[in-house]
Amino acid sequence: MSEEIVTLVTGGNRGMGLEISRELLQKGQRVIIGSRNLEKGQDTVNELAQEGLKADLVQLDVTDHNSVESAAKSIQDKYGYLSVLINNAGAVFDFRQEPSVVEMDRLHKDFEINYFGLIDVTQQLMPLLQQSKQAKIINISSMMGSKTEALNPESQVYQAVAVGYQSAKAAANMYTVQLAKEMQKKNLNITVNAVDPGMVATEFGGATPDQAKAMGAKPIEEGVSRTVELATDENNDVTATFSNADGPVGW
Ligand SMILES: NC(=O)c1ccc[n+]([C@@H]2O[C@H](COP(=O)([O-])OP(=O)(O)OC[C@H]3O[C@@H](n4cnc5c(N)ncnc54)[C@H](OP(=O)(O)O)[C@@H]3O)[C@@H](O)[C@H]2O)c1
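Keep in mind it's a predicted model, so treat the numbers as computed, not measured.

Chemist: Honestly, the overall build of the protein in this entry has me stumped. Any pointers?
Modeler: Along the protein, the regular secondary structure elements total nine helices and eight strands. Against the compact-globule benchmark of 18 Å for 251 residues, the protein has a radius of gyration of 17 Å, which places it among compact chains. For the protein, the spread of C-alpha atoms along the principal axes amounts to about 55 × 45 × 35 Å. The 251 residues of the protein split such that 51% are buried. Put simply, of all contacts in the protein between residues at least 6 apart along the chain, 69% involve residues at least 24 apart. Accessible surface, the protein: about 12,400 Å² in total, of which carbon and sulfur atoms supply 49%. When the 22 basic and 33 acidic side-chain charges of the protein are each reduced to a single mean position, those positions are 3 Å apart.

Chemist: Would you explain the sheet that holds strand S2 (residues 30-35) in this entry?
Modeler: Adjacent strands of a sheet form backbone hydrogen bonds with each other and so pair up, either parallel or antiparallel. Reading across the sheet, the eight strands line up as S3-S2-S1-S4-S5-S6-S7-S8 and stay open at both edges, with mixed pairing between neighbours. In the strand order of this sheet, the two ends are held by strand S3 (56-59) and strand S8 (247-248), each with one partner. Judged from the six bridges that link them, strand S5 (residues 135-140) and strand S6 (residues 190-195) form a sheet pairing that is parallel. If you follow lysine 136 over to S6, its bridge partner there is threonine 191. Sheet strands in contact with helix H2 (residues 38-50) are S2 and S3, and its direction is about 170° off that of S3. Contacts between helix H6 (residues 163-185) and the sheet are confined to S5, S6 and strand S7 (242-244), with S6 contributing the most and set at about 160° to the helix.

Chemist: What is the right way to read the pattern of salt bridges from this model?
Modeler: Close approach of charged atoms allows side chains with opposite charge to pair. Taken as a whole and judged by the stated rule, the model has 12 salt bridges. The shortest N-O distance in the salt bridge between arginine 14 and glutamate 203 comes to 3.9 Å. With a gap of 189 residues between them, arginine 14 in the loop between strand S1 (6-10) and helix H1 (15-26) and glutamate 203 in the loop between S6 and helix H7 (209-214) connect regions that are remote in the sequence. Residue class for arginine 14 comes out partly exposed when judged on its relative accessible area of 39%.

Chemist: Explain the site of the ligand to me, please; I cannot follow it from the model alone.
Modeler: Neighbouring the ligand are 27 residues; Arg14, Arg36, Asn88, Tyr165 and Thr202 lie closest to it. Between an oxygen atom of the ligand and a side-chain N or O atom of arginine 14, the distance comes to 2.7 Å. Between asparagine 88 and the ligand, the recorded distance is 2.8 Å, taken from a backbone N or O atom to an oxygen atom. Among the elements of the structure, H1 and H6 are those that each provide at least two residues to the shell around the ligand.

Chemist: Sorry if this is basic, but what is going on with the pairing of S6 here?
Modeler: Put simply, side chains in a regular strand alternate between the two faces of the sheet. Of all six residues making up S6, six are buried, and the element is well covered by its neighbours. Neither face of S6 is exposed, since Ile190, Val192 and Ala194 on one face and Thr191, Asn193 and Val195 on the opposite face are all buried. Relative to S7, S6 is paired through two bridges, and the arrangement is parallel. Note that in S7 the partner of valine 195 across the bridge is serine 243.

Chemist: For this particular structure, what's the right way to read unusual backbone geometry?
Modeler: It is generally the case that most residues other than glycine have a negative phi and that most peptide bonds are trans. Of note in the backbone geometry, asparagine 236 takes a positive phi value of approximately 50° without being a glycine. By the secondary structure assignment, asparagine 236 is in the loop between helix H9 (225-231) and S7. Positive phi, close to 60°, is recorded for alanine 240, a residue that is not glycine. Here alanine 240 falls in the partly exposed class, since its relative accessible area comes to 26%.

Parameters at a glance
- Residues numbered from 1 in each chain as written.
- Predicted model: local features only at pLDDT ≥ 70, side-chain atom pairs only at ≥ 80, totals over all residues.
- Heavy atoms only, no water.
- Helix = DSSP H or I, 4+ residues; strand = E, 2+ residues; numbered from the N terminus.
- Rg over C-alpha atoms; globule rule 2.2 N^0.38 Å.
- Buried < 20%, exposed > 50% of the residue type's maximum accessible area, 1.4 Å probe, protein only.
- Contact = heavy atoms within 4.5 Å.
- Areas by Shrake-Rupley, 256 points an atom, 1.4 Å probe, with all protein chains shown as cover.
- Lys, Arg positive; Asp, Glu negative; His and termini not counted.
- Charge placed at Lys NZ, Arg CZ, Asp CG, Glu CD.
- Pairing = 2+ DSSP bridges.
- Axes fitted to C-alpha atoms, helices over the stretch in contact; angles between N-to-C directions.
- Salt bridge = Lys/Arg side-chain N within 4 Å of Asp/Glu carboxyl O.
- Near = heavy atom within 4 Å.
- Polar contact = N/O pair within 3.5 Å; in protein donor to acceptor, adjacent residues only side chain to side chain.

Okay, here's the thing in C-alpha coordinates:
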(Lines give C-alpha, C1' and ligand atoms only; values in the text may rest on other atoms or scores of the structure.)
Protein backbone atom coordinates (compact mmCIF):
# COMPACT_ATOMS: atom_id res chain seq x y z
CA MET A 1 0.00 0.00 0.00
CA SER A 2 1.32 3.46 -0.82
CA GLU A 3 2.20 5.85 1.98
CA GLU A 4 -0.58 8.16 3.13
CA ILE A 5 0.16 11.75 2.16
CA VAL A 6 0.42 13.86 5.30
CA THR A 7 0.33 17.60 4.61
CA LEU A 8 0.85 20.57 6.91
CA VAL A 9 -0.59 23.94 5.88
CA THR A 10 0.65 26.88 7.95
CA GLY A 11 -1.90 29.65 8.41
CA GLY A 12 -4.49 27.05 7.46
CA ASN A 13 -7.36 28.50 9.47
CA ARG A 14 -8.57 31.02 6.87
CA GLY A 15 -7.98 32.53 3.45
CA MET A 16 -5.96 30.53 0.96
CA GLY A 17 -4.65 28.20 3.68
CA LEU A 18 -8.19 27.06 4.40
CA GLU A 19 -8.99 26.56 0.71
CA ILE A 20 -5.75 24.63 0.11
CA SER A 21 -6.60 22.43 3.12
CA ARG A 22 -10.15 21.86 1.86
CA GLU A 23 -9.06 20.88 -1.65
CA LEU A 24 -6.26 18.58 -0.48
CA LEU A 25 -8.65 16.87 1.94
CA GLN A 26 -11.09 16.40 -0.95
CA LYS A 27 -8.24 14.76 -2.87
CA GLY A 28 -7.64 12.28 -0.06
CA GLN A 29 -4.64 13.78 1.70
CA ARG A 30 -4.43 13.86 5.48
CA VAL A 31 -4.22 17.58 6.24
CA ILE A 32 -2.93 19.18 9.41
CA ILE A 33 -4.08 22.76 9.77
CA GLY A 34 -1.47 24.93 11.46
CA SER A 35 -3.17 27.77 13.29
CA ARG A 36 -1.56 30.23 15.67
CA ASN A 37 -4.87 30.54 17.51
CA LEU A 38 -6.25 27.14 18.50
CA GLU A 39 -9.83 28.37 18.87
CA LYS A 40 -9.84 29.79 15.35
CA GLY A 41 -8.23 26.58 14.14
CA GLN A 42 -10.90 24.48 15.85
CA ASP A 43 -13.64 26.62 14.24
CA THR A 44 -12.05 25.88 10.87
CA VAL A 45 -11.84 22.14 11.60
CA ASN A 46 -15.55 22.26 12.57
CA GLU A 47 -16.42 24.16 9.38
CA LEU A 48 -14.66 21.50 7.29
CA ALA A 49 -16.37 18.73 9.26
CA GLN A 50 -19.74 20.24 8.24
CA GLU A 51 -18.57 19.66 4.65
CA GLY A 52 -17.72 16.04 5.50
CA LEU A 53 -13.97 16.67 5.62
CA LYS A 54 -11.82 15.58 8.56
CA ALA A 55 -8.85 17.86 9.17
CA ASP A 56 -6.29 17.64 11.96
CA LEU A 57 -5.08 20.66 13.89
CA VAL A 58 -1.85 21.86 15.43
CA GLN A 59 -1.07 25.11 17.24
CA LEU A 60 1.55 26.87 15.14
CA ASP A 61 2.74 30.45 15.31
CA VAL A 62 5.53 30.56 12.75
CA THR A 63 7.17 33.52 14.51
CA ASP A 64 7.41 31.71 17.86
CA HIS A 65 10.23 29.16 17.94
CA ASN A 66 8.75 27.22 20.89
CA SER A 67 5.46 26.88 19.04
CA VAL A 68 7.26 25.67 15.89
CA GLU A 69 9.29 23.15 17.89
CA SER A 70 6.29 21.73 19.72
CA ALA A 71 4.25 21.52 16.50
CA ALA A 72 7.09 19.52 14.91
CA LYS A 73 7.22 17.25 17.95
CA SER A 74 3.49 16.60 17.94
CA ILE A 75 3.57 15.77 14.20
CA GLN A 76 6.51 13.44 14.87
CA ASP A 77 4.65 11.70 17.70
CA LYS A 78 1.36 11.37 15.84
CA TYR A 79 2.45 10.60 12.25
CA GLY A 80 6.22 9.98 12.27
CA TYR A 81 6.71 11.73 8.92
CA LEU A 82 5.49 14.63 6.79
CA SER A 83 4.95 14.44 3.01
CA VAL A 84 4.04 18.02 2.08
CA LEU A 85 4.86 21.25 3.88
CA ILE A 86 2.94 24.26 2.62
CA ASN A 87 4.46 27.43 4.02
CA ASN A 88 1.38 29.58 3.54
CA ALA A 89 1.30 31.82 6.65
CA GLY A 90 2.14 35.36 5.58
CA ALA A 91 1.31 38.99 6.27
CA VAL A 92 2.18 42.50 5.14
CA PHE A 93 3.03 45.26 7.62
CA ASP A 94 4.28 48.08 5.39
CA PHE A 95 1.71 48.44 2.63
CA ARG A 96 2.01 51.84 0.87
CA GLN A 97 4.97 52.95 3.05
CA GLU A 98 7.57 54.77 0.97
CA PRO A 99 10.98 53.08 1.06
CA SER A 100 12.72 56.28 2.23
CA VAL A 101 10.66 56.45 5.43
CA VAL A 102 9.26 52.99 6.12
CA GLU A 103 9.63 52.19 9.84
CA MET A 104 12.20 49.59 10.86
CA ASP A 105 9.65 47.93 13.11
CA ARG A 106 7.41 47.13 10.14
CA LEU A 107 10.33 45.76 8.14
CA HIS A 108 11.25 43.45 11.01
CA LYS A 109 7.67 42.19 11.25
CA ASP A 110 7.54 41.53 7.50
CA PHE A 111 10.69 39.43 7.74
CA GLU A 112 9.71 37.65 10.98
CA ILE A 113 6.74 35.93 9.38
CA ASN A 114 7.46 35.83 5.64
CA TYR A 115 11.15 34.88 5.85
CA PHE A 116 12.48 33.81 9.28
CA GLY A 117 9.24 32.05 10.22
CA LEU A 118 9.14 30.16 6.94
CA ILE A 119 12.74 29.02 7.44
CA ASP A 120 12.25 28.03 11.07
CA VAL A 121 9.22 25.88 10.20
CA THR A 122 11.10 24.30 7.29
CA GLN A 123 14.17 23.48 9.38
CA GLN A 124 12.20 22.02 12.28
CA LEU A 125 10.16 19.83 9.91
CA MET A 126 13.08 18.74 7.73
CA PRO A 127 13.75 15.52 9.70
CA LEU A 128 10.09 14.55 9.24
CA LEU A 129 10.14 15.37 5.52
CA GLN A 130 13.17 13.12 5.21
CA GLN A 131 11.15 10.28 6.74
CA SER A 132 8.70 10.45 3.82
CA LYS A 133 9.35 8.43 0.61
CA GLN A 134 9.00 11.62 -1.39
CA ALA A 135 8.39 15.06 0.03
CA LYS A 136 7.54 18.57 -1.09
CA ILE A 137 8.01 22.03 0.31
CA ILE A 138 5.76 24.64 -1.27
CA ASN A 139 6.46 28.22 -0.30
CA ILE A 140 3.58 30.62 -0.88
CA SER A 141 5.42 33.60 -2.27
CA SER A 142 4.01 36.49 -4.29
CA MET A 143 4.50 38.29 -7.56
CA MET A 144 5.15 41.21 -5.17
CA GLY A 145 8.51 39.56 -4.48
CA SER A 146 9.47 39.52 -8.15
CA LYS A 147 11.99 42.17 -9.22
CA THR A 148 11.11 41.38 -12.83
CA GLU A 149 7.47 42.33 -12.14
CA ALA A 150 8.41 45.38 -10.04
CA LEU A 151 10.37 46.75 -13.02
CA ASN A 152 7.70 45.95 -15.62
CA PRO A 153 5.37 48.96 -16.26
CA GLU A 154 2.76 46.53 -17.64
CA SER A 155 2.61 44.60 -14.36
CA GLN A 156 0.19 45.16 -11.44
CA VAL A 157 3.26 45.07 -9.20
CA TYR A 158 4.84 48.11 -10.87
CA GLN A 159 2.66 50.63 -8.97
CA ALA A 160 2.53 48.73 -5.69
CA VAL A 161 4.78 49.63 -2.75
CA ALA A 162 5.38 47.41 0.28
CA VAL A 163 9.15 47.15 0.21
CA GLY A 164 9.49 45.13 3.44
CA TYR A 165 6.92 42.54 2.39
CA GLN A 166 8.31 42.48 -1.15
CA SER A 167 11.88 42.02 0.07
CA ALA A 168 10.85 39.26 2.49
CA LYS A 169 9.09 37.36 -0.32
CA ALA A 170 12.10 37.90 -2.63
CA ALA A 171 14.33 36.57 0.16
CA ALA A 172 12.03 33.57 0.61
CA ASN A 173 12.39 32.96 -3.13
CA MET A 174 16.17 32.80 -2.78
CA TYR A 175 15.79 30.42 0.17
CA THR A 176 13.58 28.27 -2.09
CA VAL A 177 16.29 28.09 -4.76
CA GLN A 178 19.13 27.36 -2.35
CA LEU A 179 17.22 24.75 -0.39
CA ALA A 180 16.10 23.04 -3.62
CA LYS A 181 19.75 22.87 -4.73
CA GLU A 182 20.85 21.47 -1.37
CA MET A 183 18.19 18.73 -1.58
CA GLN A 184 19.37 17.80 -5.09
CA LYS A 185 23.02 17.80 -4.08
CA LYS A 186 22.25 15.45 -1.20
CA ASN A 187 20.10 13.22 -3.41
CA LEU A 188 17.11 13.75 -1.15
CA ASN A 189 13.69 13.19 -2.73
CA ILE A 190 12.41 16.57 -1.52
CA THR A 191 11.32 19.24 -4.00
CA VAL A 192 11.16 22.92 -3.09
CA ASN A 193 9.11 25.43 -5.07
CA ALA A 194 7.72 28.93 -4.71
CA VAL A 195 4.21 29.83 -5.87
CA ASP A 196 2.64 33.16 -6.75
CA PRO A 197 -1.12 32.99 -6.11
CA GLY A 198 -1.76 36.32 -7.89
CA MET A 199 -4.04 38.94 -6.33
CA VAL A 200 -6.65 36.96 -4.43
CA ALA A 201 -9.84 37.96 -2.59
CA THR A 202 -8.98 37.07 1.02
CA GLU A 203 -8.67 39.20 4.16
CA PHE A 204 -4.99 39.70 3.40
CA GLY A 205 -3.73 43.18 4.27
CA GLY A 206 -6.88 43.97 6.26
CA ALA A 207 -9.34 44.32 3.36
CA THR A 208 -12.52 42.27 3.17
CA PRO A 209 -12.73 39.71 0.36
CA ASP A 210 -15.41 41.90 -1.29
CA GLN A 211 -13.19 44.99 -1.16
CA ALA A 212 -10.34 42.95 -2.62
CA LYS A 213 -12.64 41.68 -5.39
CA ALA A 214 -13.63 45.25 -6.22
CA MET A 215 -9.92 46.01 -6.69
CA GLY A 216 -9.63 43.16 -9.19
CA ALA A 217 -8.65 40.27 -6.93
CA LYS A 218 -9.51 36.83 -8.25
CA PRO A 219 -11.55 34.10 -6.53
CA ILE A 220 -9.76 32.12 -3.88
CA GLU A 221 -10.11 28.82 -5.79
CA GLU A 222 -8.09 30.32 -8.65
CA GLY A 223 -5.49 31.65 -6.21
CA VAL A 224 -4.74 28.18 -4.83
CA SER A 225 -4.83 26.24 -8.10
CA ARG A 226 -1.07 26.12 -8.76
CA THR A 227 -0.36 25.15 -5.15
CA VAL A 228 -2.91 22.32 -5.25
CA GLU A 229 -1.47 21.17 -8.59
CA LEU A 230 2.05 20.96 -7.15
CA ALA A 231 0.87 19.38 -3.88
CA THR A 232 -0.90 16.59 -5.74
CA ASP A 233 1.68 16.02 -8.50
CA GLU A 234 2.61 12.35 -8.28
CA ASN A 235 5.85 12.71 -10.21
CA ASN A 236 7.39 15.25 -7.82
CA ASP A 237 10.07 16.12 -10.38
CA VAL A 238 9.61 19.90 -10.43
CA THR A 239 11.96 21.81 -8.17
CA ALA A 240 13.50 25.29 -7.74
CA THR A 241 10.68 27.00 -9.64
CA PHE A 242 8.61 30.15 -9.11
CA SER A 243 5.26 29.81 -10.86
CA ASN A 244 1.62 30.75 -10.95
CA ALA A 245 -1.44 29.27 -12.67
CA ASP A 246 -0.21 30.63 -16.03
CA GLY A 247 3.36 29.30 -15.85
CA PRO A 248 6.76 30.53 -14.69
CA VAL A 249 7.05 33.92 -12.92
CA GLY A 250 10.18 36.02 -13.36
CA TRP A 251 12.33 36.02 -10.22
N1 LIG B 1 -4.24 37.53 -0.95
C2 LIG B 1 -3.38 37.88 -1.88
O3 LIG B 1 -3.70 38.67 -2.80
C4 LIG B 1 -1.98 37.31 -1.90
C5 LIG B 1 -1.19 37.56 -3.01
C6 LIG B 1 0.09 37.02 -3.09
C7 LIG B 1 0.54 36.24 -2.05
N8 LIG B 1 -0.23 36.01 -0.95
C9 LIG B 1 0.32 35.16 0.11
O10 LIG B 1 -0.56 34.07 0.31
C11 LIG B 1 -0.46 33.59 1.66
C12 LIG B 1 -1.85 33.45 2.25
O13 LIG B 1 -2.45 34.72 2.24
P14 LIG B 1 -4.02 34.96 2.34
O15 LIG B 1 -4.39 35.86 1.24
O16 LIG B 1 -4.74 33.69 2.52
O17 LIG B 1 -4.04 35.84 3.70
P18 LIG B 1 -4.99 35.87 4.97
O19 LIG B 1 -6.40 35.59 4.60
O20 LIG B 1 -4.64 37.16 5.64
O21 LIG B 1 -4.47 34.63 5.84
C22 LIG B 1 -3.21 34.66 6.43
C23 LIG B 1 -3.05 33.43 7.30
O24 LIG B 1 -1.77 33.49 7.94
C25 LIG B 1 -1.96 33.34 9.33
N26 LIG B 1 -0.91 33.96 10.12
C27 LIG B 1 -0.66 35.27 10.30
N28 LIG B 1 0.39 35.43 11.12
C29 LIG B 1 0.78 34.17 11.49
C30 LIG B 1 1.81 33.65 12.32
N31 LIG B 1 2.66 34.45 12.97
N32 LIG B 1 1.91 32.30 12.44
C33 LIG B 1 1.07 31.48 11.80
N34 LIG B 1 0.08 31.91 11.00
C35 LIG B 1 -0.05 33.24 10.86
C36 LIG B 1 -3.32 33.94 9.62
O37 LIG B 1 -3.79 33.51 10.88
P38 LIG B 1 -4.77 34.44 11.81
O39 LIG B 1 -6.17 34.12 11.36
O40 LIG B 1 -4.47 33.97 13.20
O41 LIG B 1 -4.38 35.85 11.57
C42 LIG B 1 -4.08 33.37 8.44
O43 LIG B 1 -4.44 32.02 8.68
C44 LIG B 1 0.44 34.57 2.37
O45 LIG B 1 1.75 34.05 2.44
C46 LIG B 1 0.43 35.81 1.47
O47 LIG B 1 1.63 36.56 1.60
C48 LIG B 1 -1.49 36.54 -0.85
